[in-house]
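What follows is the residue order along each chain.
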Amino acid sequence: MMEDFKALRVISEGPVLKVQLSSPETGNAVCGTLLDELLTVLGALQDASDIRVLILSGQGADFCLGGDRREFAELLAADSGGAGLRAMAGKARRVCDALANVEAVTIARLHGGVIGAGLALALFCDLRAGADNCRFRMPELALGMPPAWGGALPRLLHETGAARIRELILTGDSFDAAKAAELSILHKVVAEDELDDVIRQWTKPMVRRSPVALRTAKVMLNAYSGAHRLADATLFDAELMTSVLTAAEADRVR
């Protein structure tokens, strides 16, 4: 688990695994390397029954400022048909699925900017604690993209409710930690220097629980929360995002 990652910092503390996005110079932008490394960590957890809790955080001033737009542009320049972009979107979906379904309880430790793909990563964690300096935004429409990253839209709608999210997506307005708590995006809001205390309070009882009971409870929660979905339209997310961006690029170069 202690591999030489480029975009992550991973620390194992007994039954707790701390995974930190560690590219602060880019605002911890979500790139292909980051997705690959997250898939490696989350895949290893499937065989690590001793890990009860995973804490996802970000290094520097922000948790994550969204997807790496330079990489999007490079992928489109390399293949105007969008094959590279489609592959990257597929990785995003697999990362989000893994965060939701890994046996360990996942906790997002949020501060600063939590934007776009960064918000999606946080949403797929079981619990989310945020500093009072958090600012959130879903800027996809302003960037010429559909809200189709990682299968996050139905997760967001289910966690918060359609009417409020419709406004935030269509306007692209930013919102603060208090609003995020009102929308159930955050479970706890505290001063940034109190975040670790909140997470310790959550983690302490979890590491004492029966591992079988803890895993079963998470499986049950996931199963019941997804019972209303007769079909999973997010399977089309990669195609939707790729088709919109490739069409926009084709219009630009005409």
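For the structure, check the block above.
Residues numbered from 1 in each chain as written. Predicted model: local features only at pLDDT ≥ 70, side-chain atom pairs only at ≥ 80, totals over all residues. Heavy atoms only, no water.

Caption draft 1: Spotlight on the overall build of the protein chain. Helix and strand content of the protein chain: 10 helices and nine strands. By residue count, 49% of the 254 residues in the protein chain fall in the buried class. Considering only contacts in the protein chain between residues 6 or more positions apart, those separated by 24 or more positions represent 74%. Accessible surface for the protein chain amounts to roughly 12200 Å². Of this, 54% is attributable to carbon and sulfur atoms. (Helix = DSSP H or I, 4+ residues; strand = E, 2+ residues; numbered from the N terminus. Buried < 20%, exposed > 50% of the residue type's maximum accessible area, 1.4 Å probe, protein only. Contact = heavy atoms within 4.5 Å. Areas by Shrake-Rupley, 256 points an atom, 1.4 Å probe, with all protein chains shown as cover.)

Caption draft 2: The arrangement of the pairing of strand 6 (residues 127–131) in detail. With five of five residues buried, strand 6 is to be regarded as a mostly interior element. Side chains L127, A129 and A131 of strand 6 all project onto a buried face; the interleaved residues R128 and G130 project onto the opposite face, where all are buried too. Sheet analysis places strand 4 (residues 105–110) next to strand 6, joined by four bridges and oriented parallel. The residue of strand 6 that forms the bridge with L110 is G130. (Pairing = 2+ DSSP bridges.)

Caption draft 3: Quick peek at the nonpolar core. Ranked by internal contacts, the top residues of the largest apolar core, which has 60 residues, are L8, V19, L56, L110, F136, W149 and I185. Counting residues per element, this core draws most heavily on helix 3 (residues 83–101), which supplies eight residues. Excluding anything up to four places from it in sequence, L8 contacts V19, Q20, L21, S22, L34, E37, L38 and V41. (Core = buried A, V, L, I, M, F, W, Y, C linked by side-chain atoms within 4.5 Å.)

Caption draft 4: View of the sheet that holds strand 7 (residues 135–137). Sheet architecture is open: three strands sit in the order 5-7-8, paired in mixed fashion. Unpaired on one side and paired on the other, strand 5 (113–115) and strand 8 (175–176) mark the two borders of the sheet. Two strands pair when backbone bridges link them, and strand 5 and strand 7 are joined in this way by three bridges, in the parallel orientation. Opposite V114, over in strand 7, you have F136 as the bridge partner.

Caption draft 5: Quick look at helix 2 (residues 69–78). Listing the buried residues of helix 2 in full gives E71, F72 and L76. Along the axis of helix 2, the buried residues cluster in a sector spanning 135°; they form a single face. What points out from helix 2, more than 90 degrees from its buried face, is the exposed set R70, E74, A77 and A78. The opening residue of helix 2 is D68, an N-cap whose side-chain oxygen sits 3.1 Å from the backbone nitrogen of R70. (Arc of directions from axis to C-beta. Polar contact = N/O pair within 3.5 Å; in protein donor to acceptor, adjacent residues only side chain to side chain.)

Caption draft 6: Fine view of the side chain of T160. Following the sequence through the fold, T160 ends up in helix 5 (residues 152–160). Judged by its relative accessible area of 17%, T160 falls in the buried class. At 2.7 Å, the side chain of T160 and the backbone oxygen of L156 are in polar contact. Here T160 is in contact with I165, L183 and I185, once residues within four sequence places are set aside.

Caption draft 7: Fine view of empty space enclosed by the protein. Enumeration over the complete set of coordinates arrives at two cavities of 30 Å³ or more. Estimated volume of the largest cavity: approximately 140 Å³. Lining the largest cavity are 14 residues, and of these G116, M138, E140, A152 and L153 lie nearest its centre. Of all the secondary structure elements, the ones that give two or more residues to the lining of the largest cavity are helix 4 (117–123) and helix 5. If one sorts the elements of the lining of the largest cavity by residue count, helix 4 sits on top with four residues. Of the residues that constitute the lining of the largest cavity, the class distribution is 12 nonpolar, one polar and one charged. (1 Å grid on protein atoms, 1.4 Å probe; cavity = no way out; pocket = protein on both sides within 12 Å on 5 of 7 lines; lining within 4 Å. Points joined across faces, edges and corners; volume = space filled by probe spheres on them. Nonpolar A, V, L, I, M, F, W, Y, C, P; charged D, E, K, R; others polar.)

Caption draft 8: Structural context of the pattern of salt bridges. By the definition in use, this model includes 10 salt bridges. Of the charged contacts in the structure, one is a salt bridge between D36 and K91, with a shortest N-O distance of 2.9 Å. With D36 in helix 1 (residues 32–45) and K91 in helix 3, this pair connects stretches of sequence that are 55 residues apart. Using a relative accessible area of 34% as the deciding quantity, one classes D36 as partly exposed. (Salt bridge = Lys/Arg side-chain N within 4 Å of Asp/Glu carboxyl O.)

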